Amino acid sequence: GGELLRRYWHIVGTSQEMNVNPTRAVRLLGEDLVLYKDRSGTLGLIQESCPHRRVNLLYGIPEQTGLRCPYHGWLYDETGRCLEMPAEAPDSTFKDRVTALTYPVQELGGLIWAYLGPEPVPLLPKWDFLVRDDLVRDVGTTVIPCNWLQCMENSVDPTHTEWLHAYQTL
């Protein structure tokens, strides 16, 4: 199922969350990632660990362009390209050979969507409720200790509610 699910866009955050904190831990399809928003407003979804010394990029520093590792200052953009290595000589080309794993993200309807599948990246569906300007959108989040597919499956299974959630032992 994981290879099939990688061919769809997934919600990984909300616009409001990213305005409060510019980095956010994301676990999606078995991968630990970091969603970030740089100072220019560009969103990125990058592997959790810096390719250099494996420091968690959740603690990274959002720069004008990209996310900087808090340990040695390596700077990555939303495509995973290393833009700067502060301790390297000015004429070094080492940064051009280092990349971090990243995935495309898009913001639509107050939600942040990610695509973890193969190229070509499909278009993000522009459903009415995401793009219409003549309605009120109220985006909320909650953490539930199960995967989203279980929630979606159970939302169309009303019979399970009376048995699973209503039964109490004495």
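As a reminder, the structure under discussion sits directly above these lines.
Here's a quick rundown of the structure.

Calculation notes
- All residue numbers here refer to positions counted from 1 along the written sequence of the relevant chain.
- Given that the model is predicted, a residue must reach a pLDDT of at least 70 before its local features are reported, and side-chain atom pairs must reach 80 or more before they are shown or counted; all residues, however, enter totals for whole chains, interfaces and linings.
- To get the side-chain values, all heavy atoms of the structure are used, and hydrogens and water are removed first.
- Think of it this way: DSSP has to see at least two bridges between two strands before they count as a pair.
- Elements are defined by DSSP. Helices are runs of H or I of four residues or more, strands are runs of E of two residues or more, and each kind is numbered from the N terminus.
- Patch definition: residues with relative accessible area over 30% and no salt bridge; like charges joined within 9 Å; nonpolar side chains (Val, Leu, Ile, Met, Phe, Trp, Tyr) joined within 5 Å.
- Note on areas: Shrake-Rupley with a 1.4 Å probe; residue coverage comes only from the protein chains shown.
- Any carboxyl oxygen of Asp or Glu within 4 Å of a side-chain nitrogen of Lys or Arg constitutes a salt bridge here.
- A simple rule labels every residue: compare its accessible area, found with a 1.4 Å probe on the protein chains alone, to the largest value its type can have, and call it buried under 20%, exposed over 50%, or partly exposed in between.
- We call two N or O atoms a polar contact when they sit within 3.5 Å, provided that within protein one can donate a hydrogen and the other can accept it, with sequence-adjacent residues counted only if both atoms are side-chain atoms.
- The contact criterion used is simple: two residues touch if any of their non-hydrogen atoms lie within 4.5 Å.
- Only four residue types enter the tally: Lys and Arg on the positive side, Asp and Glu on the negative side, with His and both chain ends excluded.
- Each axis is a line fitted through C-alpha atoms, and for a helix only the stretch in contact is used; angles between axes span 0 to 180 degrees, taken between their N-to-C directions.

### Side note on the sheet that holds strand 8 (residues 82-84)
Read from one edge of the open sheet, four strands run 5-6-7-8, paired in antiparallel fashion. Strands at the two margins of the open sheet, each flanked by one partner only, are strand 5 (61-62) and strand 8. By the bridge criterion, two bridges tie strand 7 (residues 75-76) to strand 8 in an arrangement that is antiparallel. Of the residues in strand 8, the one forming a bridge with Tyr 76 is Cys 82.

### Remarks on a nonpolar patch on the surface
Taken together, the side chains of Trp 148, Leu 149 and Met 152 present a nonpolar region at the surface, about 310 Å² in accessible area. Relative to the helices and strands, Leu 149 resides in helix 4 (residues 148-155).

### Things to note about the pairing of strand 1 (residues 9-14)
Across the six residues of strand 1, five count as buried, placing the element largely inside the fold. Here five bridges tie strand 1 to strand 11 (residues 111-115), and the two strands are oriented antiparallel to one another. Paired with Thr 14 across the strands is Leu 111, a residue of strand 11.

### Regarding the pairing of strand 11
Among the five residues of strand 11, five are classified as buried, and the element is accordingly described as predominantly covered. Residues Leu 111, Trp 113 and Tyr 115 of strand 11 are buried on one face, and the alternating residues Ile 112 and Ala 114, pointing to the opposite face, are buried as well. Note that strand 10 (residues 105-108) and strand 11 share four bridges and pair antiparallel. Of the residues in strand 11, the one forming a bridge with Leu 108 is Leu 111. Following strand 10, the chain reverses through two residues before pairing antiparallel with strand 11; Gly 109 in that reversal takes a positive phi of roughly 65 degrees.

### Some thoughts on the side chain of Glu 31
With respect to the helices, strands and loops of the structure, Glu 31 is situated in strand 3 (residues 31-37). Note on Glu 31: relative accessible area 16%, which makes it buried. Of note is the side chain of Glu 31, whose polar atom sits 2.7 Å from the side chain of Tyr 103. With residues near it in sequence (within four places) discarded, Glu 31 still touches Arg 6, Val 26, Leu 101, Tyr 103 and Leu 116.

### Points about the side chain of Asp 38
Residue placement: Asp 38 occurs in the loop between strand 3 and strand 4 (43-47). Summary of buried charges: Asp 38 has no salt-bridge partner, and the nearest side chain of opposite charge, Lys 37, is 8.4 Å away. In terms of polar contacts, Asp 38 uses its side chain to reach the side chain of Ser 40, at 2.7 Å. In this structure the side chain of Asp 38 is engaged in a polar contact, spanning 2.9 Å, whose partner is the backbone nitrogen of Gly 66. The contacts of Asp 38, once residues within four sequence positions are left out, are Pro 62, Glu 63, Gln 64, Thr 65 and Gly 66.

### Side note on the sheet that holds strand 1
Pairing is antiparallel in the open sheet, where three strands are placed in the order 1-11-10. Edge positions in the open sheet fall to strand 1 and strand 10, since each of these has one partner strand only. Between one strand axis and the next, the sheet turns through 35 degrees on average, direction left out of account.

### Quick notes on the environment of Gln 64
With respect to the element layout, Gln 64 can be found in the loop between strand 5 and strand 6 (67-68). The class for Gln 64 is partly exposed, based on a relative accessible area of 49%. Each residue touching Gln 64, except ones within four places of it in the same chain, is listed here: Asp 38, Arg 39 and Ser 40.

### Examining the pattern of salt bridges
One pass over the structure, following the stated rule, counts nine salt bridges. In this structure, Arg 6 engages Glu 31 in a salt bridge whose closest nitrogen and oxygen atoms are separated by 2.6 Å. Pair noted here: Arg 6 is in the loop between helix 1 (2-5) and strand 1 and Glu 31 is in strand 3, with a separation of 25 residues, a long-range link. This pair shows no difference in class: Arg 6 is buried, exactly as Glu 31 is.

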